[in-house]
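Each chain is listed here by its residues.
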Amino acid sequence: MAGGMAADRLVGGCAHFAGLASALKRLLELAFEAAFWRAVGFSVGRILLGFLLSALLGAALAAAAYRFRRVRELLMPLVAAVKAVPVASFVILVLLWVSSRNLSVVISLLIGFPVIYANVLAGLDSTDPRLIEMARVFRLSRGKRFRAVYLPAVVYLSQVAPFLRSGLSLAIGLCWKSGVAAEVIGIPSGSIGEKLYKAKIYLETPDLFCWTVAVVVLSIGCEKLLGLMMDVLERRAFGCWKR
């Protein structure tokens, strides 16, 4: 009996290894197909557009909430609701008003927004009030006060930097997860989500693994590229501030 169990495990392990090998082989095959890169371009463009919009909206509304308490109070329940609603529910609701081709843009925007908003607002709240008071005591003009106190935070030279970096890094991963999930539900033609859906429907396991690996690689690649871009911006901003 023990020998039979050992044989079953060996056969199962070989089957898994064969499945992984066939998936990697299929990935190499897809890499030379134009349809593969069209699907990648379709999804990357829309998900990153949603991420960019969520970053701009989140940062702008965080600044408004920091400046005006009424704005903060109005946004608090909205942000909490967006964070609580499941992605699938958002997808179904958004499909009532938006075509499936632009679905991942809207979903990425909705999912990334509360993360960036909360992190930027936390960073602004952590700004040292003594710096602001110093600017008032020395009667700096509004322009000089902004450059001397708030601008360093905005360009990653003070307390906002780690909050913003953390928020963007987390948001871009969530945008990829939610964006691809939205494509699987909405099935827009020519998207990664459509490829995943068809692979699941037709039981094409190697293709399913291939597209999953592609999503993981693209998500990690975008996150690393974002980190490099932020490093460059920080160095340039720091150099400008020193001058």
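Residues numbered from 1 in each chain as written. Predicted model: local features only at pLDDT ≥ 70, side-chain atom pairs only at ≥ 80, totals over all residues. Heavy atoms only, no water.

**Considering the packing of helix H8 (residues 160-186) against helix H9 (residues 192-201)**
Relative orientation of the contacting elements H8 and H9 amounts to 55 degrees, with a least axis distance of 7 Å. Classified by the interaxial angle, the pair formed by H8 and H9 is oblique. Both H8 and H9 take part in a crossing whose hand is right-handed. The segment H8 lies against H9, with Val180, Glu183 and Val184 engaging Ile192, Gly193, Glu194, Leu196 and Tyr197. Residue composition of the contact of H8 with H9, grouped by class: 5 nonpolar, 1 polar and 2 charged. (Axes fitted to C-alpha atoms, helices over the stretch in contact; angles between N-to-C directions. Helix = DSSP H or I, 4+ residues; strand = E, 2+ residues; numbered from the N terminus. Parallel < 35°, antiparallel > 145°, perpendicular 65-115°, else oblique. Left-handed = near helix turned anticlockwise from the far one by under 90°. Contact = heavy atoms within 4.5 Å. Nonpolar A, V, L, I, M, F, W, Y, C, P; charged D, E, K, R; others polar.)

**So, helix H3 (residues 69-84)**
Taking 1.5 Å per residue as the helical rise, H3 with its 16 residues ought to reach 22 Å, and the 23 Å between its terminal C-alpha atoms agrees with that figure. On its buried face, H3 is in contact with helix H2 (34-67), helix H4 (87-94) and helix H5 (103-125). (Expected span 1.5 Å × (residues − 1).)

**Side note on the packing of aromatic side chains**
The final tally for this structure, using the stated rule, is 3 aromatic pairs. Each ring, one from Phe36 and one from Trp37, has its centre 5.0 Å from the other, and the planes form 85 degrees; the classification is edge-to-face. Its relative accessible area of 7% is what places Phe36 among the buried residues. Note on Phe36 and Trp211: the rings are 4.9 Å apart at their centroids and 35 degrees apart in plane angle, and the pair reads as tilted. Linking Phe36 in helix H2 with Trp211 in helix H10 (residues 205-242), this pair joins segments that are 175 residues apart in sequence. In terms of burial, Phe36 and Trp211 fall into one category: buried. Put simply, the rings of Phe36, Trp37 and Trp211 touch in pairs and so form one group of aromatic residues. (Phe/Tyr/Trp six-rings, centres within 6.5 Å; stacked < 30°, edge-to-face > 60°. Buried < 20%, exposed > 50% of the residue type's maximum accessible area, 1.4 Å probe, protein only.)

**Details of the confidence of the model for the protein**
Summary statistics for the protein give a mean pLDDT of 81 and a share of 76% for residues scoring 70 or more. Predicted confidence is poor over residues 1-18, with pLDDT under 50, and the contacts of this stretch with residues over four places away or in other chains come to 0 contacts. Ignoring residues within four places in sequence, the model shows residues 151-157, a span with pLDDT below 50, making 19 contacts including any to other chains. (pLDDT = per-residue confidence, 0-100.)

**Some remarks on unusual backbone geometry**
Positive phi outside glycine occurs at Ile187, with the angle close to 50 degrees. Along the chain, Ile187 turns up in the loop between H8 and H9. Take Ile187: its relative accessible area is 32%, and that puts it in the partly exposed class. The phi torsion at Leu203 lies on the positive side, around 55 degrees, for a residue other than glycine. As for its placement among the helices and strands, Leu203 is situated in the loop between H9 and H10.

**Re the nonpolar core**
Within the largest apolar cluster, 36 residues are counted, with the highest numbers of intra-cluster contacts made by Phe51, Ile116, Tyr117, Leu168, Trp176, Ile192 and Trp211. When residues of this core are assigned to their parent elements, the largest contribution, 9 residues, is made by H2. In this structure, Leu168 is in contact with Phe51, Ala55, Ile116, Leu226 and Met230, ignoring residues within four places of it in sequence. Grouped together as the second largest cluster of nonpolar side chains are 8 residues, Phe90, Val94, Leu103 and Ile107 included. (Core = buried A, V, L, I, M, F, W, Y, C linked by side-chain atoms within 4.5 Å.)

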